[in-house]
Amino acid sequence: MSSQQQFLLHAIFLLSFSLSKPCLANRFIPNQQTCITTKNLSSIKIPLKRIIHKPTPSISIGYTTDVGFHTQEVAYYTDISIGNPPTTFSLLIDTGSHLSWVRSCREGTCYGGKHFYPKDSNSFYLLPYECEELGKECNEESDECEEHGKECNEDHGCSFELKYVDETNATGMLSKETFTIWEDKSIKTTQILGVPLGCAFANTALKNLDGILGLGAHPASFASVLEIDYGIDKFSYCLLDQIDDPDETSSMWFGEQDFSTQVFYTPKLPEHIQHYAVRLLGISIEGEYVGESAFPLALIIDSGATVTTFPHVVYTQLRSKYKRVAARLGWVRATNLKGMVCYGNVNDVGELEDTPSMTLHFDGEKADLELKPHNIWRYFREHKAACLGFDDGTSIGNYSLTGSVQQQNIRVIFEGGDALRIGFDPSGC
């Protein structure tokens, strides 16, 4: 699949988990109506381990990891070590999903990329009857829940199934594992115990990365484990421009950190428990507001999605505005790039600078975020084309979410604890 085909991401994860993956649509918000499905896992020849982890006291020092851009998956990733002894995996960073998962192998030789071998890790253990810890909120009369109660036991463990709209999937078993992170870019490491982890024994979702690092607001996410068990209640990342050298990296921080004087904050909406949603009051381009009837609206901050989705009335007005801009610049509609609004005859990426910026107006004091041209367009050098980084949210239930194109070169800050707010520092990476 080419990089332009992977421009849009769309996924559905059962049991209110969402995961990103390549598809010609944007990544969907999780299905809130479906319970997790279970399967008999007795054929998995891994001894069950019941380990009671005792996390260390609260830690105030910061932890950091590099963030890179993967051109084939059109996604941002970081390297995290899993298990004991630790093995390093490249995981897609996703604030829109909760469960971390990794491509796994039961035993012997597995093909198709790097694998995690549970039986080789001293810190691995199954979740035999603790699925409720992952947020299972099902109707007690549901057949699926009855099946869950029968088959999630000490003999078999709990399974998970991830389904995507392009009919790809990831399936396997739920566990808890030890993750290792680095302390303030030094050689010193710290082990994070008891992180919920999906061992994906069957996976057609990601071909070029090893799995997902779930950073969502749900208690099962890696970020939530850091907050609940270790007192680290904030993290941030800055995503480099996708048109830059793919070998360059930026940083993701967990814990205390400093920001520029340009930083501003907006409250996290409390009614959106499982997502980082904020109130967007309006959008303006060159002083003109668009789609005013749709505001205010809840906007989900999602690093795993590629583009931003808005309600139909907002999207159509944005599309019309930039269609006029493209015509003024002599760009022509590119029909060879399907599933996106793209324009050809864009001979150099510098031409994007001739298009107007856009301002997102959030709830809060001086909470206006300017999206510059590289946050609005995605440029394809091989086609000399620019594609609009927005999509119609109608097909995904009118959810509004901001993807990685719009987050480029902006440090996005997630604060839990008593603050419960999202910050934006536009000073760059």
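Here the residue numbers are simple positions, counted from 1 along each chain's written sequence. Whole-chain, interface and lining totals are the exception, using all residues; otherwise, since this is a predicted model, local features are given only for residues with pLDDT of at least 70 and side-chain atom pairs are given and counted only at 80 or more. Water and hydrogen atoms play no part in the side-chain values, which are based on all heavy atoms of the structure.

## Some details on the overall build of the protein
Labels follow the DSSP assignment, with helices taken as runs of H or I lasting at least four residues and strands as runs of E lasting at least two, numbered in each case from the N terminus. Scanning the protein from N- to C-terminus turns up five helices and 27 strands. Exposure categories follow from relative accessible area, calculated using a 1.4 Å probe and restricted to protein chains: below 20% of the type maximum is buried, above 50% is exposed, and the middle band is partly exposed. Residue burial in the protein is summarised as follows: out of 429 residues, 58% are buried. The Shrake-Rupley method, run with a 1.4 Å probe, gives the accessible areas here. Residue values count only the displayed protein chains as cover. Only carbon and sulfur atoms are counted for the fraction: they give 46% of the accessible area of the protein, which is about 17,500 Å².

## Here's the deal with the sheet that holds strand β19 (residues 342–344)
Two strands qualify as a pair provided DSSP detects at least 2 bridges between them. Pairing in this open sheet of four strands is antiparallel, and the strands run β18-β19-β23-β22 from one edge to the other. Each having just a single partner strand, β18 (332–333) and β22 (377–380) make up the two edges of the open sheet. Bridging between β19 and strand β23 (residues 385–388) involves two bridges; their strand directions are antiparallel. Following the sheet pairing, Cys 342 is matched in β23 by Cys 387.

## Notes on the packing of aromatic side chains
The relative placement of two aromatic rings is captured by the distance of their centres and the angle of their planes. Working definition: a ring pair exists when centres of Phe, Tyr or Trp rings (six-membered ring for Trp) sit within 6.5 Å. Plane angles under 30 degrees give stacked, over 60 give edge-to-face, the rest tilted. Under the definition given, this model contains 17 aromatic pairs. Consider the rings of Phe 235 and Phe 414, whose centres lie 4.7 Å apart with planes at 10°: the pair is stacked. Of this pair, Phe 235 sits in strand β11 (residues 234–238) while Phe 414 is found in strand β26 (residues 411–415), placing the two residues 179 residues apart along the sequence. As far as burial versus exposure is concerned, Phe 235 and Phe 414 are alike and both buried. Ring geometry for Tyr 343 and Trp 377: centres 6.1 Å apart, planes at 75°, overall edge-to-face. Here the residue Tyr 343 occupies a position in strand β19, and Trp 377 occupies one in strand β22, the gap between them amounting to 34 residues. The burial state of Tyr 343 is the same as that of Trp 377; both residues are buried. Among the aromatic residues, ring-to-ring pairing joins Phe 179, Phe 222, Phe 235, Tyr 237, Phe 254, Tyr 276 and Phe 414 into one connected group. The aromatic ring of Phe 201 is capped on one face by Arg 106, whose charged end is 4.6 Å from the ring centroid. For a Lys NZ or an Arg CZ to count as sitting over a ring, it must be within 6 Å of the ring centre and within 35 degrees of the ring normal. The ring of Tyr 265 is capped by Arg 421, whose NZ or CZ atom sits 3.5 Å from the centre of that ring.

## Some words on the state of the cysteines
Two cysteine sulfur atoms make up a disulfide if the distance between them is within 2.5 Å. Across all of its chains, the model carries three disulfides by this definition. The disulfide that involves Cys 105 links it to Cys 110, with 1.8 Å between the sulfurs. Note on the Cys 105 and Cys 110 pair: the S-S dihedral is about 70°, so by sign convention the disulfide is right-handed. For Cys 110, a relative accessible area of 28% corresponds to the partly exposed category. With its sulfur 2.0 Å from that of its partner, Cys 342 forms a disulfide with Cys 387. Between Cys 342 and Cys 387 the disulfide shows an S-S torsion of about 105°. By sign, it is right-handed.

## A look at the environment of Ser 104
By the secondary structure assignment, Ser 104 is in the loop between β5 (100–103) and β6 (125–126). Residues Ser 104 and Gly 198, spaced 94 residues apart in sequence, show a C-alpha to C-alpha distance of 8.9 Å. The residues touching Ser 104, leaving out its near neighbours within four places in the chain, are His 115, Phe 116, Cys 199, Ala 200 and Phe 201. Under this definition, polar contacts are N or O atom pairs within 3.5 Å; protein pairs additionally need one hydrogen-donor-capable and one acceptor-capable atom, and for neighbouring residues in sequence, both atoms have to be side-chain atoms. At 2.9 Å, the side chain of Ser 104 and the backbone oxygen of Val 102 are in polar contact. Should any heavy atoms of two residues lie within 4.5 Å, those residues are counted as being in contact.

## Focus: the pattern of salt bridges
One speaks of a salt bridge when a side-chain nitrogen belonging to Lys or Arg is within 4 Å of a carboxyl oxygen belonging to Asp or Glu. Applying the stated criterion across every chain yields a total of six salt bridges. Among the salt bridges present, the one from Lys 234 reaches Glu 256, with a minimum N-O distance of 3.2 Å. With a gap of 22 residues between them, Lys 234 in strand β11 and Glu 256 in the loop between β12 (250–254) and β13 (264–267) connect regions that are remote in the sequence. The buried category is assigned to Lys 234, whose relative accessible area is 14%. The closest approach of N and O atoms between Glu 415 and Arg 421, which form a salt bridge, is 3.0 Å. Of the residues examined, Glu 415 reaches a relative accessible area of 11% and is grouped as buried. Relative accessible area serves as the criterion here: at 30%, Arg 421 is assigned to the partly exposed category. Beyond isolated ion pairs, a larger network of salt bridges with shared partners links Asp 233, Lys 234 and Glu 256.

## Looking at the nonpolar core
For the purposes of this section, nonpolar cores are sets of buried Ala, Val, Leu, Ile, Met, Phe, Trp, Tyr and Cys residues that join through side-chain atoms within 4.5 Å. With 76 residues, the main nonpolar core has Phe 222, Ile 283, Met 358 and Phe 362 as its most contacted residues. At six residues, helix α3 (residues 312–328) tops the list of elements feeding residues into this core. The residues touching Phe 222, leaving out its near neighbours within four places in the chain, are His 98, Ser 100, Phe 179, Ile 181, Ile 192, Val 195, Leu 213, Gly 214, Leu 215 and Phe 254. One finds Leu 127, Phe 160, Ala 170 and Ala 200 within the second-largest nonpolar core, a separate group that totals 15 residues.

## Some points on the layout of surface pockets
Over the atoms a probe the size of a water molecule is rolled, and this reveals where empty space is left. Here a cavity is any set of points on a 1 Å grid over the protein atoms alone where a 1.4 Å probe fits but cannot get out, and a pocket is any open set with protein on both sides within 12 Å along at least 5 of 7 lines; a residue lines the site when it has an atom within 4 Å of a point. Grid points are joined across faces, edges and corners, and a volume is the space filled by probe spheres set on the points. Roughly 370 Å³ of volume is contained in the largest pocket. Around the largest pocket, the lining comprises 23 residues; the ones closest to its centre are Ala 217, Glu 227, Tyr 276, Gly 416 and Leu 420. Elements that contribute at least two residues to the lining of the largest pocket include exactly α2 (222–230), β11, β26 and β27 (421–425). The element contributing the most residues to the lining of the largest pocket is α2, with five residues. For the lining of the largest pocket, a count of residues per class yields 14 nonpolar, three polar and six charged. Under the convention adopted here, Pro, Cys and the residues Ala, Val, Leu, Ile, Met, Phe, Trp and Tyr are nonpolar, Asp, Glu, Lys and Arg are charged, and Gly plus all remaining residues are polar.

## Overview of α3
Each α-helix turn comprises 3.6 residues. Residues three or four places apart therefore point the same way. Helix span, as expected, comes to 1.5 Å for every residue beyond the first. The end-to-end C-alpha distance of α3 is 24 Å, a good match for the 24 Å that 17 residues give at a rise of 1.5 Å each. Of all the residues in α3, the buried ones are Val 314, Tyr 315, Thr 316, Leu 318, Lys 321, Tyr 322, Val 325 and Ala 326. Immediately downstream of α3, the backbone of Gly 330 shows phi near 80°, a positive value.

## Comments concerning the side chain of Gln 257
Counting through the fold element by element, Gln 257 comes out in the loop between β12 and β13. With a relative accessible area of 16%, Gln 257 lands in the buried category. A distance of 2.4 Å separates a polar atom in the side chain of Gln 257 from a polar atom in the side chain of Ser 236.

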